[in-house]
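So the chains spell out like this:
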Amino acid sequence: MKPNAARRELIEVAQGMRPADLYIKGGTVINVYSGEFLRMNVAIYKNRIAYVGEGEQSIGENTRILNAEGKYVSPGYIEPHAHPWVIYNPISLMSKVVPLGTTTVVHDNLFFYLRMGPEGFGRMLDDLTDLIGNNLWLVRLVSQAEYPGERDWYNETDIRRLLDRKDVVGTAEVTRWPLLYKGDPMILDTIDYAKSLGKISDGHTAGCSYEKLNSIVDAGISACHEAITANEALDRLRLGMWTTLRNSSLRPDFPEIIKMITKQKVSTHRVLMTTDGPHPAFIEDEGCVDVLLRKAVEMGVSPMQAIQMATINAAVYLGMDEQIGGISPSRLADVLILPDLVSFRPETVIAGGEVVAEGGKLSAALPQLDWHRYMEKNPFGIKKERLQDLNLYRYPHYTADGPVPVASFRSTVITRKKEMDLPIRSGCVDLSKDSGLMYASLIERGGQWVSHAILENFATTLEGMASTYNTTTQLLTIGNHPEAMSKAAMRVLELGGGIVLVEGGEVVLEIPLPLTGMMTTSSDFGKAVEYQNALLSAVQDRGYPFHDILYTLLFLTCDFLPGLRLVPLGLYDVRADEVLKPARTM
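What this report covers is the structure whose coordinates are included nearby. Given the structure is predicted, the values throughout are model-derived calculations rather than measurements.

## Details of the sheet that holds strand 10 (residues 200–203)
What links the strands of a sheet is backbone hydrogen bonding, and the strands pair in either a parallel or an antiparallel sense.
Point 1. A sheet is described by the order of its strands in space; here eight strands give the open sequence 6-7-8-9-10-11-12-13, paired in parallel fashion. Of all strands in the sheet, those bounded by a partner on one side alone are strand 6 (77–82) and strand 13 (271–274).
Point 2. Where strand 9 (residues 168–171) lies against strand 10, two bridges are found, and the strand directions are parallel. Considered in strand 10, the bridge of glycine 170 is made with isoleucine 200.
Point 3. In the packing of helix 5 (residues 156–163) onto the sheet, the strands contacted are strand 8 (134–139) and strand 9, and the crossing angle to strand 9 comes to about 140°.
Point 4. Packing of helix 9 (residues 230–238) onto the sheet brings it into contact with strand 11 (223–224), strand 12 (242–246) and strand 13, and relative to strand 12 it is tilted by some 155°.

Structure (structure tokens):
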């Protein structure tokens, strides 16, 4: 990593009294400040841009010259809303997206904090300072599913200490936005603290009406990426929110929301773009911010507007426009050389003044971390023998209790409640003759409690699956054979976290995810792609009807999306705000 250039040094380089380290010559600079394409040279010294203009006075005997004739010189792209835990981890993610031109990523700390706590998470950030690109973080104020002891773990003192860090730029999305609407004191006070530091508060307002959005903005939320129609996006923009247009593996929303720009012709100076934590294969096949640029331009947005949304707009939103987001003197030297404004794939990527990728290939070294040293919560406290109890996996119910509430999947992540009369045997639902339904149990890692559900339209021939990959990181088991579910759960315990499928008494797929139960520790992004493709193929072969199994597993255990959810408190009806079957003590 290049050292930080002093201002006096930059002045000397600009005036030709000190040679530049790098000199980009003859390219067309994309000036995101003025909206112009200008033929200019760019001089870089250490980690910063020192000069932008037509002169060549900064070229010295040892200056490396990059010929950009016939090419475009762009600021590095900014991803303002990333989830670096979708099987991949922060290191493998950056190793993949930086060569694609995304040099700044704003990461969500959800599962790192959930499993590491404030001290472990802070140590991890200290050890990631040498990771390529600008790695910025947002810190969660609450989890994505209420659980006993949550407010002790997510406490104001620890979160404020993290907000004081330079690499933490604000608070992360509160997916349970009704807490904001109701004026939760701890959340509002912490947002106020972040604002006092000049930091942002990201938002998540799925399904929130215009009237209720007023209260969310009153609460201090800076931005939202959850609009799925042009009108919803416009509602957020009109209320002063930074409006983040999303196109991702789970929500490919651009064809609709981009109409806010192409049809309604609104100003785009407060509009951002995000891929919102796509699954690994999406990044492998489509890209990161570069795919957003391609699609936006294909759908009628001008190249300049698209690049502004992916660079300077995001920098202003983060309060960092004097550091990143443009080709300008004193800015960090995050610079791309683009062959055209069609693919938006860079030939050369410069991050912090160093050439880190050429031709899509990373040339920079990656840090080697001992991920386990950051963990503050034991992976599992439950004994393996406890997982052999088959009643953990059955749904307890008596005929006198009436119909069984079933979580029926309508899409990848949305469920609806169905009342079904199901056969009962020995005080439990009997699914032995119904291949269209699945048992589901969420088992606390320490063996304190278990929640139960019955699922419809998840799979048909899945005997047993166990996974810590879910929004609680507890042990989620799904299947129609309790014996197979038990064996899968025991194998996940042995792995220290991960996803396991069992069929015919044998393990047919296992994916070790020892990092918080959500991520591989490999720095090879291809490993995450391999795991995702293998899992998706395996569950589709067993009747899974959708396209994104990772987000199905992730959100089954959240408490903010419509339908029935399997959460630490029990089987929860989100719309009714009611626990239909409380978790039971083990």
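## So, the packing of helix 17 (residues 525–541) against helix 18 (residues 549–556)
Point 1. Two elements in contact, helix 17 and helix 18, have axes separated by 9 Å at closest approach and are oriented at 80°. Judged by the inter-axis angle, helix 17 sits roughly perpendicular to helix 18. Residue-level contacts link Gln532, Leu535, Leu536 and Val539 of helix 17 to Ile549, Leu550 and Leu553 of helix 18.

## Things to note about the nonpolar core
Nonpolar side chains tend toward joint burial in soluble globular proteins.
Point 1. Of all hydrophobic cores here, the largest spans 187 residues; its most connected members are Met124 and Leu535.
Point 2. At nine residues, helix 3 (residues 110–127) tops the list of elements feeding residues into this core.
Point 3. In contact with leucine 535, not counting residues within four places along its chain, are Met465, Ile499, Leu501, Leu509, Ile511, Ile549, Leu550 and Leu553.
Point 4. One finds Ile24, Val29, Val335 and Ile350 within the second-largest nonpolar core, a separate group that totals 15 residues.

## Things to note about the environment of lysine 166
Point 1. Its place among the elements puts lysine 166 in the loop between helix 5 and strand 9.
Point 2. The sequence separation of lysine 166 and leucine 136 amounts to 30 residues, and the corresponding C-alpha distance is 8.6 Å.

## Section: the state of the cysteines
Point 1. Scanning the model with the defined rule gives zero disulfides in all.
Point 2. Of all cysteine sulfurs, the one in cysteine 224 lies closest to cysteine 558, which takes part in no disulfide; the gap is 15 Å.

Definitions and cut-offs
- Residues numbered from 1 in each chain as written.
- Predicted model: local features only at pLDDT ≥ 70, side-chain atom pairs only at ≥ 80, totals over all residues.
- Heavy atoms only, no water.
- Pairing = 2+ DSSP bridges.
- Helix = DSSP H or I, 4+ residues; strand = E, 2+ residues; numbered from the N terminus.
- Contact = heavy atoms within 4.5 Å.
- Axes fitted to C-alpha atoms, helices over the stretch in contact; angles between N-to-C directions.
- Parallel < 35°, antiparallel > 145°, perpendicular 65-115°, else oblique.
- Core = buried A, V, L, I, M, F, W, Y, C linked by side-chain atoms within 4.5 Å.
- Buried < 20%, exposed > 50% of the residue type's maximum accessible area, 1.4 Å probe, protein only.
- Disulfide = S-S within 2.5 Å.

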